[in-house]
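# Working through the structure, step by step
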Amino acid sequence: MVGMRGAYGGSGGGGGYSNGTESQSPAAPVMTTSSSEIAAMAVHKVAPPPPRSTASKMKARVKETFFPDDPFRGFKGQPLGTQWLMAVKYLFPILDWVPGYSLSLFKSDLISGLTIASLAIPQGISYAKLASLPPIIGLYSSFVPPMVYAVLGSSRDLAVGPVSIASLVMGSMLREAVSPSAEPLLFLQLAFTSTLFAGLVQASLGILRLGFIIDFLSKATLVGFMAGAAIIVSLQQLKALLGITHFTTDMGLVPVMASVFHHTNEWSWQTILMGVCFLVLLLLARHVSIKWPKLFWVSACAPLASVIISTLLVFLLKAQNHGISIIGQLKCGLNRPSWDKLIFDSTYLGLTMKTGLITGILSLTEGIAVGRTFASLKDYQVDGNKEMMAIGLMNVVGSCTSCYVTTGAFSRSAVNHNAGCKTAMSNVVMALTVMVTLLFLMPLFVYTPNVVLGAIIIAAVIGLIDFPAVYQIWKMDKMDFLVCVCAFAGVIFISVQEGLAIAVGLSVFRVLMQITRPKMAIQGKIMGTDIYRDLYQYKEAQRIPGILILAIEAPINFANSNYLNERIKRWIEEESLAHNKKTELHFVILDLSAVPAIDTSGIAFLVDIKKAIEKRGLELVLVNPTGEVMEKIQRANEAQNYFRSDCLYLTTGEAVTSLSALAKMTKP
């Protein structure tokens, strides 16, 4: 069958059946075919892409990789002055909305800002304690960063401040090297330095347009990680809820529970009673707001109300003398400069860089996900790379003003959205409210019980356990579910960092498996149509006698070319045995429609498989090679004519029609 095209020629219609010189040879026997066969054999030509220089290809590839959103498309055709103004607005989004700001917008933002401030103040204090930092640092981090974000951020709904997961991770990683109780100043210095590195990582990802890196944290990874972290955070609050003085610094489930039951003699019934009562109150408020969204303010105000009520109870009942632990004295005043506290000693440099990298990626992922979620609800765009720069610069500034890592928190942003915020001015209102608190109201928190702060944290993080999402992942993709479970189990039983690393490793491994073991399918014809589809997926599809049709559904490269070679050869062997019982196998068609790219190893694979097929007396035909693939095939043909024009077809239907007619012509 290999030489049948040269012997019998063909119509030569776009794809043709010969290389040109053979069809004109006088020695070639002339055969008579019907007009219908000639019409059937006329096919469309596979067109190569327009020629482009290497420089233009590289430019297009770089643009598509780093600037897929083409952020500067609006600059084209504009005067130089306008371009400068647009550039300034691009860097400082506040200039976009401030000129048109009105009193009605301010009224909405004022209400939203005051509402989220009522949530941010108790959460700031609580999350700082979660990170093993002084409570005042949590309030500092709810003052400066929101002001910076209001200038640089592009989201209207994002409410900025400390978050539970980043606080947990930072605290647990730094405690491995330094004790916050034995060396509080050094611990604080490491926290500020880690925040600086987190901000530099975040800003660098935005400036260098490398935001796609955070996509390695898949939804399944994040769902499992967040659920595990929420449970670990909640278990850590058992120290406050039970009134235990000596508590483990480990984050795993087993050591935490062991510590709880090894110190039953330290349990305080007064603390437990107060903690349970306020936890029930907070969870009830959360339930009310979920069931009746218009009552969102109930859950938003519940934490601050709990702090006020519990503080009054402790003060009036002198509960601090009966086993109730309190925050203690907090100094009034605004953020103090902390650039002199940044520490770059080689002893701790690796630790702070690692902590900054992990907390930076985690907080960045959460902030961008939250921003995009609420932007989609209001039908406006959030520029991911601008958000990375805004959050990064916000943390760089924060590290120099006594703040630790911050981002857009889902709980505060949800309250901000539901309260009717219109612009980032709500962050400014929140920050000013926190400023007033820092200046004048700090003495009021002296008697605030730690147990209520623990209850606030539990009520906040419990929403991170997304059971519907877990069930949906289970129904959709069992491999994703495995990644989710591994992330969850790793966080619960090993540590937060290792759990995240395991989940990311599994996700990357799955991507590598999809690259190295690409999907292939045997196709058949859906009768009554000219459509060819997977035989396994479409039961009505039927095989074509004498022709094996294979579809490759992935790029062909060095990572998968050997697998494809072996898999196709095995299929040919199986099909040859199957066809011997019915009809002889003559042709192998490779449908390349779903192959977007190919490298030199991929071209070598096509050449090798062609030679192997021809040794069996069969013929290889390629269908619809895409632009890049066709271009590489042409270059391979320049060295040696591996793939003649009569081996290339635009559609599977045209290839089957022509090859079937040719097979009939060659029958004795």
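Cut-offs used in this document
Residues numbered from 1 in each chain as written. Predicted model: local features only at pLDDT ≥ 70, side-chain atom pairs only at ≥ 80, totals over all residues. Heavy atoms only, no water. UniProt positions renumbered as here; feature names shortened; annotations may be inferred. Helix = DSSP H or I, 4+ residues; strand = E, 2+ residues; numbered from the N terminus. Domains from an automatic or database assignment. Buried < 20%, exposed > 50% of the residue type's maximum accessible area, 1.4 Å probe, protein only. Pairing = 2+ DSSP bridges. Right-handed = clockwise from strand over helix to strand, strands pointing away. Salt bridge = Lys/Arg side-chain N within 4 Å of Asp/Glu carboxyl O.

Glancing now at the UniProt feature "transmembrane region" (unreviewed entry) in the chain. Annotation from UniProt places "transmembrane region" (unreviewed entry) at residues 186–205, 211–233, 267–284, 296–317, 388–407, 428–446, 452–474 and 481–509. The distance from the first to the last C-alpha atom of residues 296–317 is 32 Å, and the span holds 100% helix and 0% strand. As a span, residues 452–474 carries 78% helix and 0% strand, and end to end its C-alpha atoms are 36 Å apart.

Considered domain by domain, the chain is made up of domain 1 (96–326 + 335–509) and domain 2 (518–666). A separation of 55 Å is found between the C-alpha centroids of domain 1 and domain 2.

Moving on: the pairing of strand β8 (residues 619–623). Counting buried positions over the five residues of β8 gives five, a clear majority of the element. Burial of the side chains of β8 extends over both faces: Glu619, Val621 and Val623 are buried on one face and Leu620 and Leu622 on the other. With five bridges connecting them, strand β7 (residues 587–591) and β8 associate as parallel partners. When the sheet's bridge partners are listed, isoleucine 589 is paired in β8 with valine 621. Handedness of the β7-helix α25 (residues 600–615)-β8 crossover: right-handed. Examined bridge by bridge, β8 and strand β9 (residues 648–649) share two bridges and lie parallel to one another. Its bridge partner lying in β9, valine 623 is registered against tyrosine 649. With respect to chirality, the unit in which β8 leads through helix α26 (residues 627–639) into the neighbouring parallel β9 is right-handed.

Moving on to the pattern of salt bridges. With the rule as written, the count across this model stands at 13 salt bridges. Between lysine 610 and glutamate 614 there is a salt bridge, with the nearest N and O atoms lying 3.0 Å from each other. Placement of both lysine 610 and glutamate 614 in helix α25 is noted, with a separation of four residues, approximately one turn of the helix. In this structure lysine 610 comes out as buried when scored by relative accessible area, which is 8%. A residue is classified by how much of its surface remains accessible, and glutamate 614, at 27% relative accessible area, is partly exposed. Each of Arg61, Glu628 and Lys632 takes part in a single network of salt bridges with overlapping partners.

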